[in-house]
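Below are the chains, spelled out letter by letter.
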Amino acid sequence: MIAILLGPPGAGKGTQAKRLEEEHGIKQLSTGDMLRAAVARGSRVGKLAREAMEAGDLVSDQIVIQIIAERITEPDCANGFLLDGFPRTVAQAGALDAMLEDIGKRLDAVVEIAVPEDILVKRISGRISCADCGAVYNEYFDPPKEEGRCDRCGGTNLVRRKDDNPETVRQRLVAYREQTAPLLPYYDNKGLLKRVDGTQPIDKVAHDIDRALGVVGLAPPDC
Ligand code: ADP
Ligand code: AMP
């Protein structure tokens, strides 16, 4: 399956993508995670992306399109993948269409996780993630079972994202409204868009996404 999770920052894309990967074996491709790793490594891409990310702006289409074009041809994507945070502009969506056509594949579904802005701001202000394994928590809505320790890997390196501060969040919401929201009619016109109410508890959102993707009750391929 090839699918996209679409929605504003804080909607729950990463939370649901990681769960889908664990429960259903659908590979998560998060451009945000890839770019943060590039910044941390200090690579050429990281140096080019850093300033825009810290300002809450989008990184250039050229950079993210190249990252995804290379990544989707790797062997672990052969059975499909779930895009989290890509595409974010109509130009990126057009490039994705062309990439998939080149490799003889097609997009199966686009799921919008819809959440109003006041809830997003509260969620982002409470987001913490495990620097060791990438698991995402929320100090208000979804804390780890033991304070300061990751449920998934047991690590104690729980951190806040540098761009999860009030000014940057405001700019990220503007970027979503102006540059990413036009993808909703883009995919709706292709008959691919499904909408899920992302204000519900995590398990309920998970259930609705599984139904939208048609993976209810499906175990990972190698189980
Ligand atoms: P995104 O990848 O869309 O930016 P995340 O998956 O990182 O969003 O989620 C943002 C924050 O909101 C995280 O702290 C996460 O734990 C929390 N969260 C995700 N889904 C829900 C939900 N349905 N209800 C409450 N909090 C949620
Ligand atoms: P995310 O982890 O998805 O919230 O992304 C964090 C930041 O990475 C964004 O605010 C952008 O600066 C950058 N980014 C991630 N994905 C993209 C993309 N597809 N296009 C442009 N910038 C991106």
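On a predicted model such as this, the values are computed, not experimentally measured, just so you know.

> Go over the site of ligand 2 with me, naming the residues and quoting the values.
Neighbouring ligand 2 are 16 residues; Thr-31, Arg-36, Asp-57, Gly-85 and Gln-92 lie closest to it. Val-59 places a polar main-chain atom, nitrogen or oxygen, 3.0 Å from a nitrogen atom of ligand 2. Gly-85 places a main-chain nitrogen or oxygen 2.9 Å from a nitrogen atom of ligand 2. Starting from 480 Å² of accessible surface for ligand 2 in isolation, the protein chains cover 96%. Residue contributions to the shell around ligand 2 peak at four residues, all from helix α2 (residues 31–41). In the shell around ligand 2, the residues fall into six nonpolar, four polar and six charged.

> So, the packing of aromatic side chains: which residues are in play, and what are the values?
Enumeration according to the criterion identifies two aromatic pairs in this entry. Between the aromatic rings of Tyr-140 and Phe-141, the centroid separation amounts to 6.1 Å while the plane-to-plane angle is 70°, which identifies the pairing as edge-to-face. The exposure class assigned to Tyr-140 is partly exposed, which follows from its relative accessible area of 41%. Centre to centre, the rings of Tyr-186 and Tyr-187 are 5.0 Å apart; their planes meet at 90°, and the pair counts as edge-to-face.

Cut-offs and rules
- Counting from 1, residues in each chain are numbered in the order their sequence is written.
- Each chain is given a letter, starting from A, and each ligand a number, starting from 1, according to the order in which they appear as written.
- Confidence filtering applies because this is a predicted model: local features only for residues at pLDDT of at least 70, side-chain atom pairs given and counted only at 80 or more, and all residues used for totals across whole chains, interfaces and linings.
- The basis for the side-chain values is all heavy atoms of the structure; hydrogens and waters are excluded.
- Any residue with a heavy atom positioned within 4 Å of a molecule or strand is treated as near that molecule or strand.
- In protein, a polar contact means a hydrogen-donor-capable atom and an acceptor-capable atom, both N or O and within 3.5 Å, with residues adjacent in sequence counting only if both atoms are side-chain atoms; elsewhere, any N or O pair within 3.5 Å suffices.
- Only the protein chains shown count as cover for residues, and all accessible areas are computed by the Shrake-Rupley method using a 1.4 Å probe.
- In this text, helices come from DSSP runs of H or I with a minimum length of four residues, and strands from runs of E with a minimum of two, each type numbered from the N-terminal end.
- Each residue gets one of three labels, nonpolar for Ala, Val, Leu, Ile, Met, Phe, Trp, Tyr, Cys and Pro, charged for Asp, Glu, Lys and Arg, and polar for the others, Gly among them.
- What counts as a ring pair is set by centres within 6.5 Å for rings of Phe, Tyr and Trp (its six-membered ring), and what kind of pair is set by the plane angle: stacked under 30 degrees, edge-to-face over 60, tilted for all other angles.
- When a residue's accessible area, from a 1.4 Å probe over protein chains only, is under 20% of the maximum for its type it is buried; when over 50% it is exposed; and in between it is partly exposed.

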